[in-house]
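Architecture at a glance
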Amino acid sequence: MDFPIPLHSPILLAPMAGYTDSPFRRIARLFGAGMVFTELLSADGIVRQNKKTLDLLTITPHERPIGIQIFGNDPIIMQEAACRLLSHNPDCIDINCGCCAPKVCNSGKGAGLLKDVELLHRIASAVVRSVSIPVSAKIRLGFTTGTQNYMEVVDALQQAGVAFITVHGRTRDQYYSGKADWDKIAAIVQRAKVPIVGNGDIASYMDALNKLQTSGCSAVMIGRAALGNPWIFSGTTPTIKEKQTIIKLHYTHMHEQYGPYGIILMRKHIVHYLKGFTGASKLRQEIIKCETIEEIFGILDILCDKKA
Ligand SMILES: Cc1cc2nc3c(=O)[nH]c(=O)nc-3n(C[C@H](O)[C@H](O)[C@H](O)COP(=O)(O)O)c2cc1C
């Protein structure tokens, strides 16, 4: 099925709060991620012009195509947030119906919307009506294992006019435990009238191609396995030198965007990049102590020259 947005590749970067900011999205696109998404942004925060929310809206041309993801439970606020986001020129607005965090779900937002399909339909319809760009939704299979209403949810979203649906093959009560159910994703593809993006547990480039083929999805989305491993989008294995170059590039983007605080924010990425390095934990501790980007680059140079 034709995807509503021209994609560079059918392997997309999943939204991940605290990780998929502009610097990481640029790195993922560099390695060929077909499309990227912002982390979930509060529709209330957008409408009220909350500074923290607006800061998450830094987008550079190198990231496109990009979807901006919003969450909320009020059709009017979701609609207004979507309209305001148009000034950032996103390629689509994605409605979060999958976030499992209690503070989001307990107020009926994120995956909480799966419990009220009628409200979900009203929200999606309101957003679709208010913008002229594609609107998508990202769902889980259901709120609990016993209430897997994904077909009903997909029907409601389609009827509301969404352009594509991403399915994370777990229920909300699973959080990230167990295994994503790709048979159910394939069953959704069979019935859906809009393109489906499959998501959950993709571990490598080959795994992505395999899941694309066996599920019949129009695209697949990778989250956790892309952390510290943007090469997953190109199917290549980096040499130490290449890793060094990309870690430095990532640091540079972080420093440009956040100033010295970018070095602190980068800590959670460096943990992933260093996985598999001999002496990773000692190295991590050394890097974490550094206050300047030059000190960090110095450590990386010594390490990589030793290994090269
Ligand atoms: C740290 C973290 C943050 C996440 N934040 C979001 C988010 O903001 N919006 C969203 O729709 N999903 C979010 N997710 C879920 C991922 O997009 C994805 O659905 C999930 O991780 C399963 O894919 P994976 O097995 O490839 O990681 C997050 C996941 C993680 C691990």
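Above this text you will find the structure in question.
All values reported here derive from a predicted model rather than from experimental measurement. (Residues numbered from 1 in each chain as written. Predicted model: local features only at pLDDT ≥ 70, side-chain atom pairs only at ≥ 80, totals over all residues. Heavy atoms only, no water.)

**Details of the pattern of salt bridges**
Per the stated rule, a full pass over the model turns up 14 salt bridges. Among the ionic pairs, Lys109 bridges to Asp44, the shortest N-O distance being 3.4 Å. Linking Lys109 in the loop between α5 (102-105) and α6 (117-130) with Asp44 in helix α2 (residues 43-47), this pair joins segments that are 65 residues apart in sequence. Here Asp44 falls in the partly exposed class, since its relative accessible area comes to 22%. Residue Arg84 is joined to Glu80 by a salt bridge in which the shortest nitrogen-to-oxygen separation is 2.8 Å. Here Arg84 and its partner Glu80 are both found in helix α4 (residues 75-85), 4 residues apart, which amounts to about one turn of the helix. Each of Arg25, Arg26 and Glu63 takes part in one network of salt bridges that share partners. (Salt bridge = Lys/Arg side-chain N within 4 Å of Asp/Glu carboxyl O. Helix = DSSP H or I, 4+ residues; strand = E, 2+ residues; numbered from the N terminus. Buried < 20%, exposed > 50% of the residue type's maximum accessible area, 1.4 Å probe, protein only.)

**A look at the side chain of Ser125**
You can see Ser125 is positioned in helix α6. For Ser125, a relative accessible area of 11% corresponds to the buried category. Within the structure, Ser125 has its side chain in polar contact with the backbone oxygen of His121 (distance 2.7 Å). (Polar contact = N/O pair within 3.5 Å; in protein donor to acceptor, adjacent residues only side chain to side chain.)

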